[in-house]
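Structure assessment
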Amino acid sequence: MSYFRDGIVWLNDPLNWTNPGGLLDRLQEHLVITFWAVLIACVVGLPLGIWLGHRGRGGGLVVTVANLTRAIPTLALLTILPLTAIGFGKLPVILALAVFAVPPLLANAYVGLRSVDPETKEAAIGMGLSGGQLLRSVELPLSVPYLAAGLRTAVVQVVATATLATLVNGGGLGTIISAGFGLGISRGGAQIVAGGIAVVLLALLAEGLFAGIERLVTPRPLRSARRRRRGRAATTA
Amino acid sequence: MSFLSPATAPVPLAAPAGDGPGNPWFSWQYVQDNADTIMSKLGFHIGITLETVVIALLVAVPLAVLAYWIRPLTGPILALSGVLYTIPSLALLALLAPLLGATSRVTVLIALVLYALLLVIRNALTGLTEVPADVKDAAAGMGYGRFGRLWHVELPLALPAIVIGLRLATVSTVALVTIGAIIGQGGLGDLILGGFANNFYRAEIVTGTVLCVVLALVLDLALVGVGRVLTPWSRRRTS
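Residues numbered from 1 in each chain as written. Chains lettered and ligands numbered in written order. Predicted model: local features only at pLDDT ≥ 70, side-chain atom pairs only at ≥ 80, totals over all residues. Heavy atoms only, no water.

Section: the overall build of chain A
The helix and strand inventory of chain A stands at 12 helices and zero strands. In sequence order, chain A lays out its α and β elements as α-α-α-α-α-α-α-α-α-α-α-α. The principal-axis extents of the C-alpha atoms in chain A amount to approximately 70 × 45 × 25 Å. With 237 residues in all, chain A has 50% of them scored as buried. When the accessible surface of chain A is summed, it comes to about 11000 Å², and 66% of that surface belongs to carbon and sulfur atoms. (Helix = DSSP H or I, 4+ residues; strand = E, 2+ residues; numbered from the N terminus. Buried < 20%, exposed > 50% of the residue type's maximum accessible area, 1.4 Å probe, protein only. Areas by Shrake-Rupley, 256 points an atom, 1.4 Å probe, with all protein chains shown as cover.)

Structural notes on the interface of chain A and chain B
Contacts between the two partners involve 40 residues from chain A, matched on the other side by 44 residues from chain B. Interface area, chain A with chain B, both sides summed: about 3800 Å², of which 80% is carbon and sulfur. For the interface between chain A and chain B, the tally reads zero salt bridges. Taken together, chain A and chain B are joined by one residue pair in polar contact (both at pLDDT 80 or more). (Contact = heavy atoms within 4.5 Å. Buried area = accessible area lost by both parts, 1.4 Å probe. Salt bridge = Lys/Arg side-chain N within 4 Å of Asp/Glu carboxyl O. Polar contact = N/O pair within 3.5 Å; in protein donor to acceptor, adjacent residues only side chain to side chain.)

Notes on the pattern of salt bridges
Counted according to the given criterion, the structure contains eight salt bridges over all chains. Residue R152(A) pairs with E207(A) through a salt bridge whose shortest N-O separation is 2.7 Å. Of the two residues, R152(A) sits in helix α9 (residues 144-161) while E207(A) sits in helix α11 (residues 185-217), which places them 55 residues apart along the sequence. Residue E207(A) is classed as partly exposed on the basis of its relative accessible area of 22%. Across the pair E51(B) and R105(B) runs a salt bridge, and its minimum N-O distance is 2.9 Å. Placement of E51(B) in helix α2 (residues 35-69) and of R105(B) in helix α5 (residues 105-129) is noted, with a sequence separation of 54 residues between them. Overlapping salt bridges, with partners in common, bring together R152(A), E207(A) and E214(A) in one network.

Side note on helix α8 (residues 131-142) of chain A
Residue and element names in this part refer to chain A. For α8, which comprises 12 residues, the first-to-last C-alpha distance of 15 Å matches the rise-based estimate of 16 Å (1.5 Å per residue) to within 8%. The set of residues buried in α8 consists of L134, L135, V138 and E139. An end-on view of α8 places all buried positions within 130° of arc, on one side of the element. Contacts from the buried residues of α8 go to α3 (23-55), α6 (90-114) and α7 (118-126). (Expected span 1.5 Å × (residues − 1). Arc of directions from axis to C-beta.)

Brief notes about empty space enclosed by the protein
In this approach the atoms are scanned with a rolling probe the size of a water molecule, which exposes any empty space left behind. Residues and elements named next belong to chain B. Counted by the stated rule, this structure contains two cavities of 30 Å³ or more. Reported here for the second largest cavity is a volume of approximately 70 Å³. Lining the second largest cavity, in full, are S89, L93, V108, A111, L112, Y115, L176, V177, I179 and G180. A per-element tally of the lining of the second largest cavity places α5 first, with four residues. (1 Å grid on protein atoms, 1.4 Å probe; cavity = no way out; pocket = protein on both sides within 12 Å on 5 of 7 lines; lining within 4 Å. Points joined across faces, edges and corners; volume = space filled by probe spheres on them.)

See the structure below:
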């Protein structure tokens with residue numbers, strides 16, 4: 001475990017945090033990339049998933065998109081996008097990560113709207129609600145737990161994969177690790193481990209934070225029922 | 001990664017990698033000239049993927065059975081594999097590499113197995129818990145003990161779910177192997193990252209990517225076929 005101790009020692013040096021290109025700089029880059037990638041994925045994935053779920057069509061499309069993006073290596077999209085007309089810099093990294101964040105948002109929004117009890121919808125239509133009203137005041141509120149679960153999956157995934165941005169000079173916390181690998185194990189070992197620890201902590205923090213948000217927005221009566229269903233939903237989403 | 005141009009330079013410092021005909025998205029010439037390299041990378045990719053999936057299966061199914069038999073263990077087993085799954089791949093490599101060797105194949109293999117575990121465990125457990133209670137009663141009535149029932153009744157019934165878990169694990173493993181490129185053990189990922197480092201050579205990157213996606217689809221289809229052969233009773237219902 002001496003490498004682990006070396007990593008802690010590295011993290012304990014304030015200069016490693018505040019230097020230009022230090023942990024704080026990289027953390028900020030990481031969070032900026034994550035924010036924009038998740039935002040773009042939300043703008044694309046949520047309306048599409050909600051619309052398809054509301055219409056009750058396109059389930060095949062959702063599954064196909066989810067399966068196809070699973071087969072594409074993140075590394076491939078990260079290296080290909082900068083070589084297209086988009087050019088180098090932060091934008092291709094953000095777009096690549098957004099592409100991988102769309103499926104969880106899309107699938108969860110679709111499943112959430114589809115899982116609204118048909119009898120509830122019939123009752124709402126019987127009360128004279130139009131399609132738009134049904135969506136706004138019945139379907140969306142009832143599928144909020146699913147939307148939150150999708151957001152959590154997407155955020156955690158983007159935080160994790162943003163680490164790879166460093167492989168194409170996109171910055172982020174992964175840069176600490178790859179710079180350590182660049183130095184070689186004997187000189188950079190401590191830095192590699194320290195970067196690894198920082199990234200793991202950030203990912204777990206994001207997971208915990210958004211799990212809390214998911215719990216907060218889920219109405220109490222839905223909580224126990226949700227937990228039972230999630231095991232199955234996760235295998236398809 | 002010091003050989004890559006710094007992040008601040010918006011344009012690659014080396015000029016030839018422009019949009020011109022010198023850097024096509026795909027080139028048969030490249031594939032022919034480098035057939036040996038490509039085949040060895042592909043072989044490495046297939047080998048490490050199969051090894052990962054087999055090891056994950058051998059570890060995950062007993063764990064799932066343990067969680068199924070001893071209910072209090074279900075939570076901890078799922079939570080632990082869930083936490084492992086949350087850890088970013090590069091970070092996992094970073095934490096494993098100093099212990100197991102910075103350019104070692106084992107490092108990548110262990111990281112891949114840890115990721116595949118969750119997918120297989122969760123699906124196997126779902127399959128086992130969904131075995132109907134009356135089927136279990138009937139098996140007990142026929143005189144099956146705990147192990148006999150598991151082997152002859154519960155596992156066969158859980159097989160479709162286990163195969164789904166294996167398919168998910170296989171497809172994501174094929175994609176994840178590429179991350180190993182950071183320590184030179186990435187199979188087709190070496191082509192992708194190598195092309196990027198090699199003056200942004202598009203043909204090399206695209207060849208690696210296409211082979212990756214095709215490999216994932218082929219292995220997925222193969223597992224569907226294996227699943228059908230192993231569960232002949234479900235074929236009549238589905239087709």
